[in-house]
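# Descriptive analysis of the structure
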Amino acid sequence: VELSNEILGSSYNFSKFTLSHDTYFPLGKGHAIRAGGFLGLIMGNSPFFNQFFVGDFSAFVPSRVMEMNFSHLQPNLLNTSIKEMRYEDMALSIDVEYSIPFYRGNGFFYQIKGFIGAGIFFLASKDDFRYDREGYSGFEQVPMDVTLDFGVRFDTEIGLFVVSLANLITLIPYVGDEAAE
């Protein structure tokens, strides 16, 4: 729970509630499956940098750096209104990941692991339930999408590095109707 109020010296009045849980299932020889879930709700008027960001849930959108993000690339694999969501008040995510150990030792590399993961997420604001989204009908109105990724993680002396399909996709500039505008 995060609370912000003028009484506490803040310029914003809002409450942020989050609940997350990850469970790991060891499969032997260093292999493991992780199942995770996240639920979040913001009540009041929070600043955009404190809202739930699509990059927090989609592997195809670069995550925030210093609470900011400048990418507009956002695949819409389910063809829903999620493509209009950036910073929102409600979030739900369920995901699973399988990790494969390649190397574990001492020195510069502590461990190297391969991974493959998938998930589904929902992201919306309270206003999204008050009216029908223009240009969408039926299931398309539900702001949800899937996320997929596979790659390799390098745990080193200087930090964690990830090379993955989603990382490579985020480097490709968007080409389409919106790019022409």
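The preceding data block contains the structure.
Residues numbered from 1 in each chain as written. Predicted model: local features only at pLDDT ≥ 70, side-chain atom pairs only at ≥ 80, totals over all residues. Heavy atoms only, no water.

### Description of the sheet that holds strand 7 (residues 109-124)
What counts is decided by this rule: We treat two strands as partners when DSSP finds at least two bridges between them. Counting from the N terminus, the helices are the DSSP runs of H or I reaching at least four residues and the strands are the DSSP runs of E reaching at least two. Whenever a helix is involved, its axis is fitted only over the stretch in contact; in every case the axis is a line through C-alpha atoms, and angles between N-to-C directions fall within 0 to 180 degrees.
The seven strands lie next to each other as 1-2-3-6-7-8-9, forming an open sheet whose pairing is antiparallel. Each of the sheet's edge strands pairs with one partner strand only, and the pair in question is strand 1 (2-4) and strand 9 (159-164). The sheet shows a mean angle of 20° between the axes of neighbouring strands, direction not considered. Examined bridge by bridge, strand 7 and strand 8 (residues 144-156) share 13 bridges and lie antiparallel to one another. By the bridge assignment for strand 8, Ile116 is matched with Phe150.

### Remarks on the nonpolar core
The nonpolar side chains of a soluble globular protein tend to be buried with one another. Note the threshold: Put simply, buried Ala, Val, Leu, Ile, Met, Phe, Trp, Tyr and Cys residues joined by side-chain atoms within 4.5 Å make one nonpolar core. Each residue is assigned to one of three classes by its accessible area relative to the maximum for its type, calculated with a 1.4 Å probe on protein chains only: buried under 20%, partly exposed between the two thresholds, exposed over 50%.
Phe52, Val54, Phe57 and Leu123 are the most contacted members of the largest nonpolar core, which has 13 residues in total. For this core, the elements supplying multiple residues, two or more each, are strand 4 (52-53) and strand 7.

### Observations concerning the pattern of salt bridges
Which entries qualify depends on this criterion: Note on definitions: salt bridges are taken to be side-chain nitrogens of Lys or Arg within 4 Å of carboxyl oxygens of Asp or Glu.
Enumeration according to the criterion identifies four salt bridges in this entry. A salt bridge links Asp95 to Arg34; the shortest N-O distance between them is 2.6 Å. Taken as a pair, Asp95 in strand 6 (residues 90-104) and Arg34 in strand 3 (residues 31-44) lie far apart in primary sequence, 61 residues in all. Its relative accessible area of 23% is what places Asp95 among the partly exposed residues. Measuring nitrogen to oxygen at the nearest pair gives 3.2 Å for the salt bridge that ties Asp89 to Lys126. Of this pair, Asp89 sits in the loop between strand 5 (87-88) and strand 6 while Lys126 sits in the loop between strand 7 and strand 8, and the two are 37 residues apart along the sequence. Given the relative accessible area of 10%, Asp89 is considered buried. Given a relative accessible area of 31%, Lys126 falls into the partly exposed group.

### Thoughts on the pairing of strand 7
Two elements, strand 6 and strand 7, share 14 bridges in a ladder whose sense is antiparallel. The partner of Leu92 across the bridge, within strand 7, is Phe122.

### Looking at the pairing of strand 8
Bridge analysis of strand 8 against strand 9 gives six bridges, and the strand direction is antiparallel. Paired with Thr156 across the two strands is Gly159, which belongs to strand 9. Linking two consecutive strands that pair antiparallel, namely strand 8 and strand 9, is a turn of two residues.

### What to know about the layout of surface pockets
Quick note on the threshold: Here a cavity denotes grid points, spaced 1 Å and computed from the protein atoms alone, that fit a 1.4 Å probe unable to get out, and a pocket denotes an open set having protein on both sides within 12 Å along at least 5 of 7 lines; residues with an atom within 4 Å of a point are the lining. Grid points are joined across faces, edges and corners, and a volume is the space filled by probe spheres set on the points. Any residue outside Ala, Val, Leu, Ile, Met, Phe, Trp, Tyr, Cys, Pro, Asp, Glu, Lys and Arg is labelled polar, Gly included; the first ten of those are nonpolar and the last four are charged.
When its volume is computed, the largest pocket comes out at roughly 770 Å³. Class assignment of the residues belonging to the lining of the largest pocket gives a composition of 12 nonpolar, 14 polar and seven charged.

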